[in-house]
Amino acid sequence: MGSKGETLPPPGSNQTYVKVSALNGGWVTLPERLFITNADPEALKTVPSMCFLIQRPRPGGGPPERIVFDLGIKRDMSQYAAGMQDHLSKRQPITNLPDTKASLEEGGLDPAKDVDYVILSHTHWDHIGMPADYPNSKFVLGSGTLHTVKHGAPHYPPEMFEKDPLPLDRSTEFPPGPDSPGKDLACATSQQTSHQWKPISTLKHAIDFFGDGSVYIIDAPGHLQGHVNLLARLGPEKWVYLGGDCCHDSRIITGEKEIAMYPDAHGEMRSVHSNLPVARTTIAMIQDFVKTNGDNVEWIIAHDKGWADNNQERFFPGKL
Ligand SMILES: [Zn+2]
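Computed from a predicted structure; not experimentally measured.

1. Description of the pattern of salt bridges
Thought 1: All chains considered together, the criterion is met by 16 salt bridges.
Thought 2: For the salt bridge of Lys45 with Asp249, the shortest nitrogen-to-oxygen distance reads 4.0 Å. In this pair, Lys45 is assigned in strand E3 (residues 44-48) and Asp249 in the loop between strand E13 (238-242) and helix H5 (250-253), connecting sequence segments 204 residues apart.
Thought 3: With a relative accessible area of 30%, Lys45 lands in the partly exposed category.
Thought 4: Where Lys74 meets Glu162, a salt bridge forms, and the shortest distance between an N and an O atom there is 2.7 Å.

Now the structure itself:
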């Protein structure tokens, strides 16, 4: 493992680095048996739905360009679709505040003015937040996301999505990942970014978001159509990998646990991922990547309570 060429590239001359801060996105309670193998059948775990602020120095000066990655849980629960209410009743207690808006304001930023891009790992209810808080941001989404919020996905029927949850006039999608299922769900070309997927380290499909090697979007399919991860360069040999919902418990990445299976309402076995074999491939991809790059990469999944508890000082205005 880790032969030359597989590890992350060294900084270029005049390399741009970004600042990353965790943002609060509320807390949700998960029955452990639905997420990990060998769980206590009664155990409930209240976990964060973490979001992140990425700040990149703007070429030519001025305030940094800012990305918010994921928007967490809505603070106004009445905005969820009627078809979501039963699911929400099984995820209590839920904490709505502080949310990304409150988190940004805590550090002196106004989500209505100071955020250039919102990128969503995926559009499950605990990641989609309140897009209306970001009336001037461009929304950039994984391929097939706009189709999914309208037509639903396996285990997530369209009734679970609120009507028109995303600002269509300000939303674009990344091009479909070359190996991703659901390529036919991609939007018309006019709504796609002009990025190209290229490999970085052991990750086969990455988009260099700004074109300067500071922020990469990683194709990470399986959990929900359009699921993406984000890799950010914080310094020479210092990176962070934001894994979204590739899994919901860090022990799946470390190999201590596996993805749970459980019967659905019709007695068919399912998992929390809409495409289980592909989700497994994505987890193996991340395991290989973090192993190859060792201490140069910190990885964080959205619902990692242990990370949130131990890294409070790295929430905005703090940073990684
Ligand atoms: Zn999810």
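Here the narrative resumes, following the displayed structure.
2. What to know about the coordination of the zinc ion
Thought 1: The coordination sphere of the zinc ion, as far as protein atoms go, consists of His122 (NE2), His124 (ND1), His223 (NE2) and Asp245 (OD), spread over 2.1 to 2.2 Å.
Thought 2: Seen from the zinc ion, its four donor atoms lie at angles of 88 to 173°, and the figure they make is irregular.
Thought 3: The motif formed by the donor residues of the zinc ion, counted along the single chain, is H-x1-H-x98-H-x21-D. Placement of His122 in the loop between strand E6 (117-120) and helix H3 (125-128) and of Asp245 in the loop between E13 and H5 is noted, with a sequence separation of 123 residues between them. Pair check on accessibility: His122 and Asp245 agree, each one buried.

3. Looking at the sheet that holds strand E4 (residues 51-56)
Thought 1: An order of E1-E4-E5-E6-E7-E8 is seen for the six strands of this open sheet, with the pairing classed as mixed. Of all strands in the sheet, those bounded by a partner on one side alone are strand E1 (19-23) and strand E8 (171-173). Each strand of the sheet is rotated relative to its neighbour by a mean of 25°, with strand direction disregarded.
Thought 2: Pairing of strand E5 (residues 65-69) with E6 involves three bridges; the strand directions are parallel. By the bridge assignment for E6, Val68 is matched with Val118.

4. Concerning the environment of Ala82
Thought 1: Locating Ala82 in the fold gives a position in the loop between E5 and helix H1 (85-89).
Thought 2: Judged by its relative accessible area of 69%, Ala82 is exposed.
Thought 3: C-alpha of Ala82 to C-alpha of Met160: the two residues are 78 residues apart in sequence and 7.3 Å apart in space.

5. Concerning the sheet that holds strand E9 (residues 198-200)
Thought 1: Here we have six strands laid out as an open sheet, ordered E9-E10-E11-E12-E13-E16, and mixed in their pairing. Looking at which strands have only one partner, the edges of the open sheet turn out to be E9 and strand E16 (297-300). When strand polarity is set aside, the average angle formed by the axes of neighbouring strands in this sheet is 35°.
Thought 2: In the sheet, E13 pairs with E16 via four bridges, with the strands oriented parallel. Considered in E16, the bridge of Tyr241 is made with Trp299.

6. Concerning the nonpolar core
The nonpolar side chains of soluble globular proteins are, as a tendency, buried together.
Thought 1: Counting 37 residues, the largest nonpolar core has Val68, Leu104, Trp125, Tyr134 and Leu166 as its most contacted members.
Thought 2: Elements with a minimum of two residues in this core: strand E2 (27-31), E4, E6, H3, strand E7 (138-141) and helix H4 (145-151).
Thought 3: Ile67, Trp197, Val215 and Leu320 belong to the second largest nonpolar core, which has 29 residues in total.

The rules we used
- Per chain, residues are indexed from 1 in the order of the written sequence.
- Totals for whole chains, interfaces and linings use every residue, but because this is a predicted model, local features are given only for residues with pLDDT of at least 70 and side-chain atom pairs only at 80 or more, for both listing and counting.
- Side-chain measures here rest on the full set of heavy atoms in the structure, leaving out hydrogens and waters.
- Any carboxyl oxygen of Asp or Glu that lies within 4 Å of a side-chain nitrogen of Lys or Arg is treated as forming a salt bridge with it.
- Segments assigned H or I by DSSP are reported as helices when at least four residues long, segments assigned E as strands when at least two residues long, and all are numbered from the N terminus.
- For every residue, the accessible area (1.4 Å probe, protein chains only) is compared with the maximum for its type, and the residue is labelled buried under 20%, exposed over 50%, or partly exposed between those bounds.
- Coordinating donors are taken as N, O and S atoms within 2.8 Å of the metal, stretched to 3.2 Å for Na, K and Ca; because water is absent from the atoms, sites can appear incomplete.
- All geometry calls rest on donor angles, where a four-donor set with angles between 85 and 135 degrees is tetrahedral, four- and six-donor sets with opposite donors more than 155 degrees apart and all others between 65 and 115 are square planar and octahedral, and all else is irregular.
- Whether two strands pair depends on DSSP finding at least two bridges between them.
- Note on geometry: axes are lines fitted to C-alpha atoms, helical ones only across the stretch in contact, with angles between N-to-C directions running from 0 to 180 degrees.
- Among buried residues, those of type Ala, Val, Leu, Ile, Met, Phe, Trp, Tyr and Cys that are joined through side-chain atoms within 4.5 Å constitute a nonpolar core.

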